[in-house]
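Reading the structure
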Amino acid sequence: MVEFRYRGRPISQEDILYIRALVERHPNESRRTLSSKLCEAWQWRQANGALRDMVCRGLLLMLERAGQITLPPVSYVRHNPLARRVRPEPARVDATPMEDRLRNLQPLAFEPVRRTGKEPLFNSLMQEHHYLGYEQPVGEHLKYLVSAQGRPLACLAWSSAPRHLGSRDRYIGWSAEARRRNIRFLAYNTRFLILPWVRVEHLASHILGRMAARISADWQRMYGHPIYFLETFVDPERFRGTCYRAANWVLLGKTTGRGKQSNSHVPNRSIKEVLGYPLTKRFRELLTEAG
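1. Remarks on the pattern of salt bridges
Applying the stated rule across the entire model yields 14 salt bridges. The residue K143 makes a salt bridge to E119 at a minimum N-O spacing of 2.7 Å. Of the two residues, K143 sits in strand 5 (residues 141-148) while E119 sits in helix 5 (residues 119-129), which places them 24 residues apart along the sequence. Residue K143 is classed as buried on the basis of its relative accessible area of 1%.

What follows is the structure, encoded as structure tokens:
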């Protein structure tokens with residue numbers, strides 16, 4: 001008998017029979033509706049209580065491709081706004097050089113801007129001034145604008161952590177099952193931009209310290225669960241990562257340079273340093289729990 005697994009969950013023959021019966025009982029329903037009904041039946045939910053609808057649809061599609069079930073025809077092709085994403089418009093901000101002591105700029109304002117009126121400003125500043133440009137995060141993510149005296153100083157983006165990262169996984173010491181269950185408790189700093197006209201000593205490390213103090217609570221409010229560990233990549237050919245080290249981030253190791261889509265052991269991209277920052281002394285205890 002063929003055994004199936006999806007996202008670490010074993011799919012038994014009884015599960016497959018249940019799904020077949022569900023489809024037969026609702027012959028005129030869409031794939032989306034069937035997925036929602038299955039999530040409800042299995043109590044398959046995210047930490048914030050929302051149904052794991054997209055994951056469930058992936059499971060159904062896998063079983064159909066394996067010849068185990070027959071789904072109704074696709075009734076609607078959803079418009080994908082990412083397929084032809086328009087680049088953010090250039091932002092109009094005061095670019096007068098700002099050079100001062102950090103203490104003279106206090107208090108700094110940290111604004112989570114995702115789903116707010118200031119999100120387009122964040123996107124524009126990233127697109128215009130970060131060397132990697134702007135990229136829309138997928139999955140769980142937060143965006144921050146840091147300002148002083150009414151002027152933006154910096155932008156930070158945080159997203160879900162990469163699923164597999166050897167140096168990080170060895171540092172935490174978790175099993176594959178614990179990683180699958182607990183990867184959501186990590187946040188990955190995908191972008192950090194100090195605007196080019198800002199020259200303030202110790203600003204970057206100060207911002208990282210302030211972020212570490214608040215990001216778990218912000219994530220809890222947005223997604224219904226905390227964060228225990230932060231991580232990022234630094235390209236040593238471009239940067240030394242001084243601000244992260246000054247903020248007590250730890251060098252965990254280096255990437256392999258292969259990327260998740262690589263089919264060989266030959267590096268196909270630049271090798272990055274992997275840095276991490278535990279948000280609690282109990283991070284290993286919390287992240288290695290597998291049950």
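2. Things to note about the pairing of strand 9 (residues 229-234)
In terms of residue burial, strand 9 counts as a mostly covered element, since five of its six residues are buried. Summarising the sheet, strand 7 (residues 186-194) and strand 9 pair through three bridges and their orientation is parallel. The residue bridging Y188 from the neighbouring strand is E231, located in strand 9. As defined by bridge partners, strand 9 adjoins strand 11 (residues 273-278) across six bridges and the pair is classed as antiparallel. Looking at the pairing, V234 lines up with E273 of strand 11.

3. Here's the deal with the packing of aromatic side chains
Taken as a whole and assessed by the stated rule, the structure comprises 11 aromatic pairs. The positively charged end of R25 is found above the aromatic ring belonging to Y18, 5.9 Å away from the centroid. Directly above the ring of Y171 sits R284, whose terminal nitrogen or CZ lies 4.7 Å from the centroid.

Scoring rules and cut-offs
- By convention here, each chain's residues receive numbers from 1 onward along its written sequence.
- The predicted nature of this model means local features are confined to residues of pLDDT at least 70 and side-chain atom pairs, given and counted, to a pLDDT of 80 or more, with totals for whole chains, interfaces and linings taken over all residues.
- Computation of side-chain values covers all heavy atoms of the structure but excludes hydrogens and water.
- What counts as a salt bridge is simple: a side-chain nitrogen of Lys or Arg found within 4 Å of a carboxyl oxygen of Asp or Glu.
- Numbered from the N terminus, helices here are DSSP runs of H or I no shorter than four residues, and strands are runs of E no shorter than two.
- Residue burial is assigned from relative accessible area. The probe radius is 1.4 Å, only protein chains are included, and a residue is buried under 20% of its type maximum, exposed over 50%, and partly exposed in between.
- A strand pair is defined by DSSP finding two or more bridges across the two strands.
- Each Phe, Tyr or Trp ring (for Trp, its six-membered ring) is paired with any other whose centre lies within 6.5 Å, and the angle between the two planes then decides the class: stacked below 30 degrees, edge-to-face above 60, tilted in between.
- In this analysis the charged atom, NZ for Lys or CZ for Arg, is taken to sit over a ring once it is within 6 Å of the ring centre and within 35 degrees of the ring normal.

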